[in-house]
Amino acid sequence: MRNCFVYKCDWKHRHNPKRAMFVLPKDPEKFKLWSDVLPKHRRLTHSDRVCEKHFDPADIVRDWLHVIQGETKKLQRSKPYLRRDAVPRHFDLSEAELDAIARKSKRMSVKPERKVEPVEQNLQIETPTEPNPPPQCELNESEASAIFEDIYENIFEIELPSTVWGVHRDPERQYIAFTRFQLLANPESRTSRTLLIKSTLKCCAWYDSQSLFEDDLRSKLAPLQNGEEHSRFNVISSMLDSLEQLLDESQTK
Ligand SMILES: [Zn+2]
């Protein structure tokens, strides 16, 4: 799995692709809490993720506890989740990496003439409670299609919520699709999810055969106007995560 926000983390753990990824808290206060402690080499957004390596192991819940005939049984969750108050706290960054982060952080700060200061102080300059506003640019057809081509070619860079998800690419390059399929013991509880992204960057999602939403991804997937890095793969991963969570909710009803 890829796309941890922490500087160079994906590269350091490239031989451990199975590590769990966690989305940033939606609550603005918690988002700020995370943003304050995370060393930032670029702006942090709500589509970023932080991997399990940065949390206390006790903050990560990996099992379900079931009491079956008076006996407590542990079942591994397909996707671990974080305890409510968990905050990332382990970054394992060398002096050189901290220097690089401070340089990058300085570059994105609003006062470029400031002398280099410790990362913690530079973090104050930002307003981390505000996610990047979607760029207001209207992409023309060929720009949208170039972005689609990039996603089509690199579709395996997109982190899927779990192993029951699959990817599909239209041989005519008109669309890509993500589906979730799981055969459960009770056929009536069988469910499927589909996310379809067309070459125009219009997308739609289904829950079984029922339409969930339609969206235009052009502004979400467009390059940022301030030239900062931005991962379109994270945008799509987040959409898949919300479809996955929808399933969890329907199962607990
Ligand atoms: Zn990480």
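Since the structure is predicted, the reported quantities are computational estimates derived from the model, not experimental observations. (Residues numbered from 1 in each chain as written. Predicted model: local features only at pLDDT ≥ 70, side-chain atom pairs only at ≥ 80, totals over all residues.)

## Here we look at the overall build of the chain
Phase 1: Helices and strands together make up the secondary structure of the chain, namely 7 helices and 9 strands.
Phase 2: Burial status across the chain gives 23% buried among its 253 residues.
Phase 3: Excluding contacts between residues fewer than 6 apart, the proportion of contacts in the chain whose partners are at least 24 apart in sequence is 57%. (Helix = DSSP H or I, 4+ residues; strand = E, 2+ residues; numbered from the N terminus. Buried ≥ 20, exposed ≤ 12 C-beta atoms within 10 Å, placed from the backbone. Contact = placed C-beta atoms within 7 Å.)

## Side note on the confidence of the model for the chain
Phase 1: With 79% of its residues at a pLDDT of 70 or more, the chain has an overall mean of 79.
Phase 2: Ranking the elements of the chain by mean pLDDT puts helix α4 (residues 119-122) last with 41 and helix α2 (residues 28-37) first with 94.
Phase 3: pLDDT under 50 marks residues 111-135. Its contacts with residues more than four places away, or in other chains, come to 38 contacts. (pLDDT = per-residue confidence, 0-100.)

## Description of the pairing of strand β4 (residues 71-82)
Phase 1: Summarising burial for β4: 0 of the 12 residues are buried, a small minority.
Phase 2: Pairing analysis gives 8 bridges linking strand β3 (residues 60-68) to β4, with the strands arranged antiparallel. Following the sheet pairing, Ile 60 is matched in β4 by Leu 82.
Phase 3: The antiparallel pairing of β3 with β4 creates a hairpin that spans 2 residues between the two strands, and Gln 69 there sits at a positive phi of about 50°. (Pairing = 2+ DSSP bridges.)

## Re the nonpolar core
Phase 1: Counting 19 residues, the largest nonpolar core has Leu 195, Ile 197, Leu 201, Leu 217, Met 239, Leu 240 and Leu 243 as its most contacted members.
Phase 2: Going through the elements one at a time, α5 (141-153), β6 (175-182), β7 (191-198), β8 (202-207) and α7 (232-252) are the ones with two or more residues in this core.
Phase 3: Per element, the largest residue contribution to this core is 4 residues, and it comes from α7.
Phase 4: Dropping the residues within four chain positions of it, Leu 201 is found in contact with Ala 144, Ile 147, Phe 148, Asp 216, Leu 217, Arg 218 and Leu 221. (Core = buried A, V, L, I, M, F, W, Y, C linked by C-beta atoms within 7 Å.)

## Describing the environment of His 46
Phase 1: Among the secondary structure elements, His 46 is positioned in the loop between α2 and β2 (49-51).
Phase 2: Taking the C-alpha atoms as reference points, His 46 and Lys 26, 20 residues apart in sequence, are found 7.3 Å from one another.

## Considerations on unusual backbone geometry
Phase 1: Of note, the phi angle at Asp 92 is positive, near 50°, even though the residue is not glycine.
Phase 2: A tally of 11 C-beta atoms within 10 Å means that Asp 92 is categorised as exposed.
Phase 3: Backbone geometry places Arg 173, a non-glycine residue, at a positive phi of 60°.

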